[in-house]
Amino acid sequence: PMVLPNFLAPFPLYIHALFRHPSLNIHKIGNETVDFRVNAMCQINQRPIEGTLMELYPSLYRVDNIGDLPKIDSDGDNQAKGDNNEESGKKQRQNSTGSNDSASSNASTSSEIDWETPNFLPLTAELLSSQGIFLLDNLDSIIIWVGQNVSTEVMRNLFGKTFPNELKEYGQELPIIENSEANKRLREFVGILRSTYAHRPFHAPVRIVRDDTAFRTTFIRQFLHDRMAGMESYMDFLNRIRQSLNS
């Protein structure tokens with residue numbers, strides 16, 4: 001691995017993310033058009049630095065178990081536990097990007113909720129499960145990916161459906177399910193993500209994406225640590241840089 005000081009730790013990752021961004025990537029993915037790539041270039045040039053970093057390395061969370069996450073009590077012992085979880089969330093994001101601005105830890109300190117929010121995850125498909133549901137926040141939109149084998153109980157609690165294929169191929173907004181703690185928490189978490197980033201240019205819509213549809217590419221292409229459509233993984237990028245430096 002490359003040895004860098006702490007303040008430069010995220011630098012290679014963001015350079016790799018730039019090469020994978022539609023504005024600079026030479027490999028066409030899906031039905032990308034020239035207009036789409038030009039728009040992506042304009043967006044990345046005009047946004048403030050915080051928004052650009054969020055677009056380059058989105059936030060990923062697992063949310064199918066959101067209804068089972070423990071509550072945060074107001075007594076001293078549980079508050080200390082919450083502080084430890086917050087610090088753990090910060091370290092997880094630092095390990096992935098070197099950044100301290102974790103949406104998960106910011107959400108954990110919000111007075112609007114009394115439960116622990118999902119942990120920040122690195123952008124790799126190794127963490128995906130066909131039985132899971134994952135949320136990805138890339139600033140412009142909040143994408144909820146639904147696996148093909150999610151249990152009927154989870155589907156009913158979150159979406160009011162029995163099977164994943166009952167969802168629209170590219171559905172928008174979350175339904176309100178009465179007497180469902182999981183659905184209530186998921187809507188609260190989406191609301192927190194929308195309000196956490198003051199530099200978000202507009203109201204981020206929710207996109208519910210099934211894994212068995214063509215729209216899954218919108219979700220999968222964000223996984224910067226993995227190879228995709230001729231593009232090298234993050235480890236491949238680091239190895240190439242290291243070989244160049246040693247040659």
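No experiment lies behind these values; they were computed from the predicted model shown. (Residues numbered from 1 in each chain as written. Predicted model: local features only at pLDDT ≥ 70, side-chain atom pairs only at ≥ 80, totals over all residues. Heavy atoms only, no water.)

Colleague: I'd like a rundown of the packing of aromatic side chains, residues and numbers included.
Modeller: Following the criterion strictly, the structure yields seven aromatic pairs and no others. A centroid spacing of 5.7 Å and a plane angle of 10° characterise the contact between Trp145 and Phe219, whose relative ring orientation is stacked. Note that Trp145 is positioned in strand β3 (residues 142–146) and Phe219 in helix α8 (residues 216–220), a separation of 74 residues in sequence. For Phe219, a relative accessible area of 0% puts it in the buried group. One aromatic cluster is present, formed by Tyr57, Tyr61, Phe120 and Phe189 through successive ring pairs. (Phe/Tyr/Trp six-rings, centres within 6.5 Å; stacked < 30°, edge-to-face > 60°. Helix = DSSP H or I, 4+ residues; strand = E, 2+ residues; numbered from the N terminus. Buried < 20%, exposed > 50% of the residue type's maximum accessible area, 1.4 Å probe, protein only.)

Colleague: Tell me about the side chain of Glu55, residues and numbers included.
Modeller: Note on placement: Glu55 falls in helix α3 (residues 49–56). Here Glu55 falls in the buried class, since its relative accessible area comes to 14%.

Colleague: Now, about helix α6 (residues 152–159): what can you tell me, with residues and values included?
Modeller: Residues of α6 that are buried: Val154, Met155, Leu158 and Phe159. Buried residues in α6, looked at end-on, bunch into an arc of 100°, giving them a common side. Summarising the contacts, the buried residues of α6 are in contact with β2 (133–137), β3, α7 (181–196) and β5 (206–210). The first or second residue beyond α6 is Gly160, which carries a positive phi of 70°. (Arc of directions from axis to C-beta. Contact = heavy atoms within 4.5 Å.)

Colleague: Give a detailed account of the confidence of the model for the chain, specifying residues and quantitative values.
Modeller: Any residue range with low pLDDT should be treated as having predicted coordinates unsuitable for detailed reading. Across the chain, the average pLDDT comes to 79, with 79% of residues at 70 or higher. Segment residues 76–93: pLDDT under 50, and 19 contacts once partners within four positions in sequence are set aside and those in other chains are kept. Confidence drops under pLDDT 50 across residues 98–111; counting only partners more than four residues distant or on other chains, this segment forms 30 contacts. (pLDDT = per-residue confidence, 0-100.)

Colleague: If you had to explain the sheet that holds strand β4 (residues 170–172) to someone new, which residues and values would you point to?
Modeller: Pairing is mixed across the open sheet formed by five strands, whose spatial order is β1-β2-β3-β5-β4. Two strands bound the open sheet, and with one partner strand each, they are β1 (59–62) and β4. On average, each strand axis in the sheet is inclined to that of its neighbour by 25°, with strand direction left out of account. (Pairing = 2+ DSSP bridges. Axes fitted to C-alpha atoms, helices over the stretch in contact; angles between N-to-C directions.)

Colleague: Give a detailed account of the side chain of Asp226, specifying residues and quantitative values.
Modeller: By the secondary structure assignment, Asp226 is in the loop between α8 and α9 (234–246). Salt bridges are absent for the buried Asp226, whose nearest opposite-charge side chain, Arg20, sits at 7.0 Å. Polar side-chain contacts of Asp226 include one of 3.0 Å to the side chain of Thr124. What Asp226 contacts, discounting residues up to four positions off in sequence, is Arg20, Leu123, Thr124, Ala125, Glu232 and Ser233. (Lys, Arg positive; Asp, Glu negative; His and termini not counted. Salt bridge = Lys/Arg side-chain N within 4 Å of Asp/Glu carboxyl O. Polar contact = N/O pair within 3.5 Å; in protein donor to acceptor, adjacent residues only side chain to side chain.)

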